[in-house]
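Each chain, written out:
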Amino acid sequence: MKNIMIIGAGQLGSRHLQGAIQSQLALNIIVVDPYQGSLDVAQQRANDIQLTNSDTQINYTTKIDSDVPIDICIIATTANIRFGVFRDLVDKCTVKNIIFEKVLFQKESEYSQVDEILKNNGINAWVNCPRRIYPAYQKIKSLIDEESSLKLTVQGSNWGLACNGIHFIDLFSFLSYKTDINLDDTMLIKGVVESKRGGFYEVFGTLIGKVDNDYGFELSCSDDIAMSLEVKIVTPNFEVNIDELQNKLSISQNGEQSDEAYYPLYQSQLTHLNIEEIVKMNFSSLTPFSESEKIHIPFIKAIKHHVESSLGKELDACPIT
């Protein structure tokens, strides 16, 4: 039986739990959250899902138990406390594998510290940017894999540029094999908006990313009330358009267009696959920490610079999650 720990039983953590209990493997799942109310909600959501393996057990606790070796830990807390939670975890437990939620950390200095701790303790780590394992994006990658240039554009309203922008930078990195990215925040609209989670901010406007003349992206988000989210990928021989909310996908190759449905996957449909892949293959199709670190740092620096400029004061961390 494999020991799986999920730290953070909120909205996302509870969905990880729903996904984990669909694994065919016999799991001992430990759900950790300091707030009993969050644990109660997670338990209610888990009860809505039938166990795939009848031997799987779920335990709920308000603190990390140092007596249990962990095969896989999913850290699904908010970004502002994730570094401290990670330190507490590795101080108390022997951990083989970690899946981090994003945005990873709010301080640039924390990335190198975590990288060193992972290496010193022999811990494998990945970051949960799951679009790279969606069948639609895997198909797109197989089509454009030999293309000599790539431009990615994301447009929409109220899709959360600050909290979700890293997903699309990761998608760009996945499709282009590029991690050395320069970001330009000058097209972001001055000002910030408090997000639904207290103490965090959202931003609007356009964030521009560039590798060279052949590879780059633009992420644009307006504050229109109606939420929308469209992705466009252009290479020399292909143009791909995805409406992620209307579930539409079109692929044009040298002027010939085909249309099909786009199916996103929810976290409750993914976590058991992540767990089984790591257990069986000692590998994950999610983003390796070392790769994600390279795109996270310029992202949090750019957003932090914009927030500081908008608020007129220096900050010691990038207030996004």
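Above: the structure in question.
The present account deals with the structure reproduced in this document. Note that the structure is a prediction, hence the values are computed from the model and not measured. (Residues numbered from 1 in each chain as written. Predicted model: local features only at pLDDT ≥ 70, side-chain atom pairs only at ≥ 80, totals over all residues. Heavy atoms only, no water.)

With that settled, the discussion passes to the packing of aromatic side chains. Applying the stated criterion across every chain yields a total of nine aromatic pairs. Their ring planes at 90° and their centres at 6.3 Å tell us that Phe83 and Phe105 sit as a pair that is edge-to-face. In this pair, Phe83 is assigned in helix H3 (residues 79-92) and Phe105 in the loop between strand E5 (95-100) and helix H4 (108-121), connecting sequence segments 22 residues apart. Residue classification places Phe83 among the buried residues on the basis of a relative accessible area of 13%. On the accessibility criterion, Phe105 (0% relative accessible area) is buried. Centre to centre, the rings of Tyr137 and Tyr262 are 6.0 Å apart; their planes meet at 70°, and the pair counts as edge-to-face. Residue Tyr137 is found in helix H5 (residues 135-144), and its partner Tyr262 is found in the loop between strand E16 (256-261) and helix H7 (271-281); the two are separated by 125 residues along the sequence. There is no split in this pair, since Tyr137 and Tyr262 are both buried. (Phe/Tyr/Trp six-rings, centres within 6.5 Å; stacked < 30°, edge-to-face > 60°. Helix = DSSP H or I, 4+ residues; strand = E, 2+ residues; numbered from the N terminus. Buried < 20%, exposed > 50% of the residue type's maximum accessible area, 1.4 Å probe, protein only.)

Attention shifts here to the pairing of strand E12 (residues 215-221). Of all the seven residues making up E12, six are buried; the element is thus mostly covered by neighbouring parts of the structure. Strand direction decides the pairing type here: strand E7 (residues 150-157) and E12, joined by five bridges, are parallel. Across the sheet, residue Lys151 finds its bridge partner in E12, namely Gly216. Here strand E11 (residues 205-210) pairs with E12 via six bridges, running antiparallel. (Pairing = 2+ DSSP bridges.)

With that settled, consider the nonpolar core. Inside soluble globular proteins, nonpolar side chains tend to come together where they are buried. Among the nonpolar cores identified, the biggest contains 96 residues, and Leu89, Ile98, Phe100, Leu152 and Ile233 are the most heavily contacted of them. Those residues within four positions of Phe100 in sequence are excluded, and the remaining contacts are Ile75, Arg82, Phe86, Phe105, Val114, Leu118, Ala125, Trp126, Val127, Asn128 and Phe289. (Core = buried A, V, L, I, M, F, W, Y, C linked by side-chain atoms within 4.5 Å. Contact = heavy atoms within 4.5 Å.)

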